[in-house]
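Below, each chain spelled out in residue letters.
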Amino acid sequence: MVDTHCHIDLFPDPHAVAIEAERKGIITIAVTNLPSHFEMGYPHVAGFKRVRLALGMHPLMVDKHKREFGLFKKLLNKTSYIGEVGLDFSPAGKKTKDEQIESFKFVLESIRDRPRFLSLHSRRAESTVLELLDEFKIKNAIFHWYSGALKTLDEAILRGHFFSVNTAMVQSANGKKIIKRIPRDRILTESDGPYVQLDRKPAGPQDMKRVVDVVKDIWNISAEEAEGQIDLNFKEVISRIH
Ligand code: MN
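Residues numbered from 1 in each chain as written. Predicted model: local features only at pLDDT ≥ 70, side-chain atom pairs only at ≥ 80, totals over all residues. Heavy atoms only, no water.

Caption draft 1: Representation of the packing of aromatic side chains in the model. A complete count under the given rule lists eight aromatic pairs for this structure. Centroid distance Tyr146 to Phe163: 6.2 Å. Interplanar angle 90°. Geometry classified as edge-to-face. Note that Tyr146 is positioned in the loop between β6 (142–144) and α6 (150–158) and Phe163 in strand β7 (residues 162–165), a separation of 17 residues in sequence. Both residues of the pair, Tyr146 and Phe163, belong to the buried class. Here the aromatic cluster, defined as three or more aromatic residues joined through ring pairs, consists of Phe69, Phe72 and Phe106. The lysine or arginine in question, Lys97, covers the ring of Phe89, its NZ or CZ lying 4.9 Å from the ring centre. (Phe/Tyr/Trp six-rings, centres within 6.5 Å; stacked < 30°, edge-to-face > 60°. Helix = DSSP H or I, 4+ residues; strand = E, 2+ residues; numbered from the N terminus. Buried < 20%, exposed > 50% of the residue type's maximum accessible area, 1.4 Å probe, protein only. Lys NZ or Arg CZ within 6 Å of the ring centre and 35° of its normal.)

Caption draft 2: Quick look at the nonpolar core. Formed by 73 residues in total, the largest nonpolar core has its most connected members in Phe72, Ile82, Leu108, Leu118, Leu120, Leu133 and Phe143. Contacts of Leu120, omitting those with residues within four sequence positions, involve Val85, Phe104, Val129, Leu133, Ala141, Ile142, Phe143 and His144. (Core = buried A, V, L, I, M, F, W, Y, C linked by side-chain atoms within 4.5 Å. Contact = heavy atoms within 4.5 Å.)

Caption draft 3: Representation of unusual backbone geometry. Omega for the bond connecting Gly83 with Glu84 falls within 30 degrees of zero, at 5°, which places this linkage in the cis form. A cis amide bond links Gly193 with the next residue in sequence, Pro194, at an omega value of -5°. As for its placement among the helices and strands, Pro194 is situated in the loop between β8 (187–189) and β9 (197–198). Not every positive phi belongs to a glycine, and Lys137 is a case in point at roughly 55°. Among the secondary structure elements, Lys137 is positioned in the loop between α5 (126–135) and β6.

Caption draft 4: Summary view of the sheet that holds strand β3 (residues 51–53). Strand order in this open sheet of three strands is β1-β2-β3, and the pairing throughout is parallel. Two strands lie at the open edges of the sheet, namely β1 (2–6) and β3, each paired on one side alone. In this sheet, adjacent strand axes meet at a mean angle of 15° when their direction is disregarded. For strand β2 (residues 27–30) and β3, the ladder comprises three bridges, and the chain directions are parallel. Looking at the pairing, Thr28 lines up with Val51 of β3. (Pairing = 2+ DSSP bridges. Axes fitted to C-alpha atoms, helices over the stretch in contact; angles between N-to-C directions.)

Caption draft 5: Up close: the sheet that holds β7. Pairing in this open sheet of five strands is parallel, and the strands run β4-β5-β6-β7-β8 from one edge to the other. At either end of the open sheet lies a strand with only one pairing partner, and these are β4 (81–86) and β8. Each adjacent strand pair in this sheet contributes to an overall mean axis angle of 30°, direction not counted. Bridge analysis of β4 against strand β5 (residues 117–121) gives four bridges, and the strand direction is parallel. Counterpart to Val85 in the pairing with β5 is Leu120.

Caption draft 6: Representation of helix α4 (residues 97–110). For α4, which comprises 14 residues, the first-to-last C-alpha distance of 20 Å matches the rise-based estimate of 20 Å (1.5 Å per residue) to within 8%. Those residues of α4 that sit buried are Gln100, Ser103, Phe104, Phe106, Val107, Leu108 and Ser110. Of the surrounding elements, those touching the buried residues of α4 are α3 (69–75), β4, β5 and α5. (Expected span 1.5 Å × (residues − 1).)

Caption draft 7: Region of interest: the coordination of the manganese ion. Every protein donor of the manganese ion is listed here as His5 (NE2), His7 (NE2), Glu84 (OE) and Asp192 (OD), and their distances to the metal cover 2.3 Å. Positions of the donor residues of the manganese ion, expressed as sequence spacing, correspond to H-x1-H-x76-E-x107-D. Note that His5 is positioned in strand β1 and Asp192 in the loop between β8 and β9, a separation of 187 residues in sequence. In this structure, His5 and Asp192 share a single accessibility class: buried. (Donors = N, O, S within 2.8 Å, 3.2 Å for Na, K, Ca; no water.)

As structure tokens, this is what we get:
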């Protein structure tokens, strides 16, 4: 099983989350919101086989990006995993739209040298994110918690991108509609903990079964088969990065 988008560093006890993921054998991509956070977490994940740290710059922290551009570049050779990066044009991010685009272009320009794992935030900015991926010729990106229009979703599918779905999505009618629309070989699972809460606790790698349980009903197959398909999808993504 795999959790492709978890903010381990924002949990009250990050070490405990990593140990639990490792013990349960759940491959967990620990996304970060700033390069300085990646740098801080790096020595802590070194001993874990299943926890992989991703280098990120969250769009809603764009006011801090510029002074971390140098660090982003410097840390790029330490990982093939990038996230969380992207754009947010919701009311929370609308005011910084232009700065976000500038920063996201910096990220895409910096990573175009080789294929990497890329976990994307795209809230209310789905079509712009997609256009920029095209512009920088980025393939096999992962739209995390996609919540945009079905038309843009179809275009992203056509381009070959992937989609990671979480416990919040499987509990909403719109989320389920989106999951139904995505081909089986493009779906991945994620927790987005601790931003996403489940039973008043932060969702984490251990909750991936809850996502699979809804996805398997949508696909009308067994949990084992659904889990197998998602593992296969993850292997496919990983096989293309280096
Ligand atoms: Mn996130």
